[in-house]
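Residues per chain are reported as follows:
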Amino acid sequence: HLRTIVLLLCALLFIIIPSYASPSSSSSSSTPSSSHAPSNSTRHTNNWAVLVCTSRFWFNYRHISNVLGFYRTVKKLGIPDSQIIVMLADDMACNPRNVYPGSIFNNENHKLDLYGEHVEVDYRGYEVNVENFIRLLTGRHDPSVTRSKRLLTDERSNILVYMTGHGGDEFLKFQDAEELSSHDLADAFAQMHSKKRYNEILFMVDTCQANTLYKQFYSPNIIAIGSSRLGENSYSHHSDSDLGLSVIDRFTYHTLEFFENKQRNINNVSLLQLFKTYNYDKLGSHAE
Amino acid sequence: MSAPLPLYQRRKQLRVLSVVLFLVGLFSLTQFPQHAHRTYVSENALMPGSARVDYSSKDLEAAARTTHDFIQFQKTIKHLSGDLPSWSRSCAEWIVSRLQDLNCDLDPRIFSYNVSLAGRQETRYQVYAVLKAPKADGTESIALTTRWHWHHKEAANGVSGLGLLVSILGHLRTSRWMAKDIIVLISDTDQGVRSWLDKYHAPHTYASSDDDVFPRAGSIQAAINFDLPATSTFDQITLSLEGYNGQLPNLDLTNTIVRVARVEGLNTDHKMSLIAHPAPYPFLSSPYLPDELTTPMMTTLFTFMINQAKGVPTGPHGAFNTYHIDAVTVGVSPGTSYNSVMIGRVAVGTLRSLNNLLERLHQSFYFYVLCSPTHYLSIGEYMIPFGLLVAPLLVEFLCLVFVFADTQVTRPRDIAEAHMLKREGKTVTQGEHSMRQLPALLSVVCGLLFLALGLALYVLPLFARRLLSGVGVLVMEATLFPVGYIPFGYEIEFFLIYVILGAIAVRFLGSVTRALLGNLPIDPSSFKLGIMIPVAVFIPCMSLLNFSFCTMAAAIVAPVYSFLGPSYNHKQRLMQALALLIVSPPALLMAISYFGNTNVPALMDAILDQHLLYRSLAYPFLTLVYIPLHLAACRLISLSPYEHSPTKKDK
């Protein structure tokens, strides 16, 4: 009798203690965390960026300029081209409707041509689809795919994933032909985690009802921020009367502006400071 | 006689119900403006008004200069006014030279076509040119059309359609946003657009010489026609939408023009109209009508519906409907509210917006009714009053079908037996039911015989037209219609002809009926069923195509013809005869010609012409459906109601 009780108690202890010892998973956190904890900084060695624009056609000009703005900022802040994957439909600069052929602007003052030189687009035109995106994240490519199209990350990489386009409740529309669902995205990140393809991910998404896209994430070490809640639209910032359309979205505009202003002391910037710059009055939606 | 069927008892209640529904339908027509929705742009790619328009007073000066020069040129060739083809050709050549001065790449061409006016065939000339977009791939285009007139009123700095298009071409020469080619067509008649379009879309053989070259620009996505008097200021912009047989362009085209005008500073609520200037139907604003029916929205709605019912396009843009190209006509009414530069800016702004399209307009409505350029009702809503108006007709039709089904116990054996018994000379003593099968079925067929009459009426004038031409027509007119100098002479003569020919036709069909039925009595309900089949099929089906015409037809046909039938007393018969007189085809044609300020022969001619040109519904309805219906109804009310009893013999 006594022996059985002792054995049971030991079994219970073995069950309870490990459950307390396992690390709590930080899934989609809506509260901003502080900057990287000191214990992680020794593991993080390289940065990557995946910038995806999921729209095509002339009236979605602002999505292309969103991504190209991010591309320029990310390059300026130090990530090299070899570690940036850009997916664009790329049908704006040479569109016959463009009064500035060969140029793409994200501001109506036209001071900055985002499509000048040294723009490396890795996935162009109809290659921007859900299959290629998932393959990119999970690393499962056909052997013939070139190195420049692969996300060659390891467990010490921090990745910025930025997506923009038209979206809705738990989906993102890819080029009027298909959709990426939040479940598929969460599963892709889970594969990345199990294959040790990232250290931390910052997932930013600028679409209508963007916050629903990261609702299903269940992998650790991902911070996600979307530009609007369920039922809210994300608005464009301003339109250009020369081109005849909107050239940038508000969420992206304020994000890029934040980074432009913080260039001098970029090493001491935290995500919390970025999150504090978003407010409903400027954006017209709740960025969380 | 057997006990009356339950349906007869309920029939009176059903009739009351259908009268109530009809009146509600009429009333709801007047409620359209209150329930109309504001229009919205469905196609996201259009983005009307978001691009700045650079068309300026400099371009307007060029337009005014072209207009002035053209009017001066027309004065110099006044001596050709007797010979219209030469005049046409000289004007076309002048326009070609002007376009060539503008831009050497334009390659303007003269397109000659044949038009039959006043019975004669003539050759006329028109000019067209294609402005190619330098960066585009030339597979799509937008068409701009206009007409030149023979006598322009000279106005200082006036801008006509010709001047406007030439200035737009000059302005677009330096624009960098063109993704589609621009086709410019400058014609001298409305038929010119139709001939040009037919040639454009016809499969063609290769050109045998340089003169045969017909530059094309891919598929035309949309077309805008300008109908401008030579003014330098204007009061309102007018939009005309109705095309062949009341077909309408996609509502997004109208929405784009309205929004671009709004961005340019036009007060679209008051300074934009759907009624062309001068107002085509002055009786709509007559002081005898109650106030609620003469508000601007009601007047616009009625004008819209009458235009659609007529089936005649309200501008040369109607020709584009045949090829599924959305087209409108933009005009102005004279006044001093705005400078004509705004028309140029609206035109270029609309072009820029249409330029953004990736495919043809397809998001917005094709079937709608407009109370103003910014208020619409879609087919889902306007069909409800129509359904109410048709209710008497359909309720009666269904009642007759039930009655027919009740009597029709289809057993060929019974029919054969009845025949055998008759041949043997025995009286038929079987029950009422089996005796009613045969006459019921045959009565339906007798009713349908009138449809054959309708077919003959439809086909014969077409043949006669082809056979008679020129002198033949004159001779016919001289012999048949010599009474123009008597007041109402045409009308009386037409009425008499109708009565005489109608009686002959009914007599003829009556003898055919007797041959079919033999000694069997004619069954009035089944006869009525037979004559109502064409109209009950025509009106609902055609309403999908031309809603306004079928609404008006239903408003006339439904209340009268639903409640006709053989009656018991003479007073009822007299009232029915009177009702039939009021809605008889001659009376209707007389009423229409009175409101249209024309006479009956001209009206009949016009109806036939319009059907041949535009597939409008007035002619088929009149010949195939209405005249047979009316004649058959006259026959119907002359039947005695006791004739369905098998014990009484047919007279």
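Thresholds, definitions, all that
Residues numbered from 1 in each chain as written. Chains lettered and ligands numbered in written order. Predicted model: local features only at pLDDT ≥ 70, side-chain atom pairs only at ≥ 80, totals over all residues. Heavy atoms only, no water. Helix = DSSP H or I, 4+ residues; strand = E, 2+ residues; numbered from the N terminus. Expected span 1.5 Å × (residues − 1). Buried < 20%, exposed > 50% of the residue type's maximum accessible area, 1.4 Å probe, protein only. Polar contact = N/O pair within 3.5 Å; in protein donor to acceptor, adjacent residues only side chain to side chain. Contact = heavy atoms within 4.5 Å. Pairing = 2+ DSSP bridges. Axes fitted to C-alpha atoms, helices over the stretch in contact; angles between N-to-C directions. Salt bridge = Lys/Arg side-chain N within 4 Å of Asp/Glu carboxyl O. Nonpolar A, V, L, I, M, F, W, Y, C, P; charged D, E, K, R; others polar.

Participant: Talk me through helix α5 (residues 161-172) of chain B; I want residue IDs and the actual numbers.
Facilitator: Residue and element names in this part refer to chain B. Here α5 is twelve residues long and its end C-alpha atoms lie 16 Å apart, about the 16 Å a rise of 1.5 Å per residue gives. Within α5, twelve of the twelve residues are buried, which leaves the element mostly enclosed by the surrounding structure. Every buried residue of α5 is accounted for by Gly 161, Leu 162, Gly 163, Leu 164, Leu 165, Val 166, Ser 167, Ile 168, Leu 169, Gly 170, His 171 and Leu 172.

Participant: Please give an account of the side chain of Ser 167 of chain B that cites residues and values.
Facilitator: Residue and element names in this part refer to chain B. Position of Ser 167 among the secondary structure elements: in helix α5. On the basis of relative accessibility, which here comes to 4%, the residue Ser 167 falls in the buried class. Reaching out from Ser 167, the side chain makes a polar contact with the side chain of Tyr 55 at a distance of 2.7 Å. Those residues in contact with Ser 167 that sit more than four places away from it in its chain are Tyr 55, Asp 59 and Ala 63.

Participant: Explain the pairing of strand β7 (residues 178-181) of chain A to me, and be specific about the residues and the numbers.
Facilitator: Residues in a regular strand project their side chains so that they alternate between the two faces of the sheet. Residues and elements named next belong to chain A. Two strands pair when backbone bridges link them, and strand β6 (residues 171-174) and β7 are joined in this way by four bridges, in the antiparallel orientation. Each bridged residue has a counterpart across the sheet, and for Leu 172 the counterpart in β7 is Leu 180. The loop that links β6 with its antiparallel partner β7 comprises three residues; one of these, Gln 175, has a positive phi angle of about 55 degrees.

Participant: An account of the side chain of Lys 528 of chain B is requested, with residue identities and associated values reported.
Facilitator: Residue and element names in this part refer to chain B. Within the secondary structure, Lys 528 is located in helix α15 (residues 524-543). For Lys 528, a relative accessible area of 5% corresponds to the buried category. Within the structure, Lys 528 has its side chain in polar contact with the backbone oxygen of Ser 562 (distance 2.9 Å). Apart from the residues lying within four places of it in its own chain, the contact partners of Lys 528 are Glu 396, Leu 400, Tyr 561, Ser 562, Phe 563, Leu 564 and Leu 636.

Participant: Tell me what's going on with the sheet that holds strand β10 (residues 368-372) of chain B, and back it up with residues and numbers.
Facilitator: Residues and elements named next belong to chain B. Within the open sheet, the three strands sit side by side as β1-β11-β10. Their pairing is antiparallel. Edge positions in the sheet fall to β1 (37-38) and β10, since each of these pairs with one other strand and no more. Summarising the sheet, β10 and strand β11 (residues 375-378) pair through four bridges and their orientation is antiparallel. The partner of Tyr 368 across the bridge, within β11, is Ser 378. The strands that helix α8 (residues 296-310) touches are β10 and β11; relative to β10, the one it contacts most, it runs at about 145 degrees.

Participant: How would you summarise the interface of chain B and chain A if you had to cite specific residues and measurements?
Facilitator: Taken residue by residue, the interface counts 18 residues in chain B and 15 residues in chain A. If you look at where chain B meets chain A, you find one salt bridge. For Arg 52 of chain B, the salt bridge goes to Asp 242 of chain A, with nearest N and O atoms at 2.5 Å. The interface formed by chain B and chain A holds eleven residue pairs in polar contact (both at pLDDT 80 or more) in total. Its residues assigned to classes, the side of chain B that touches chain A comprises nine nonpolar, four polar and five charged.

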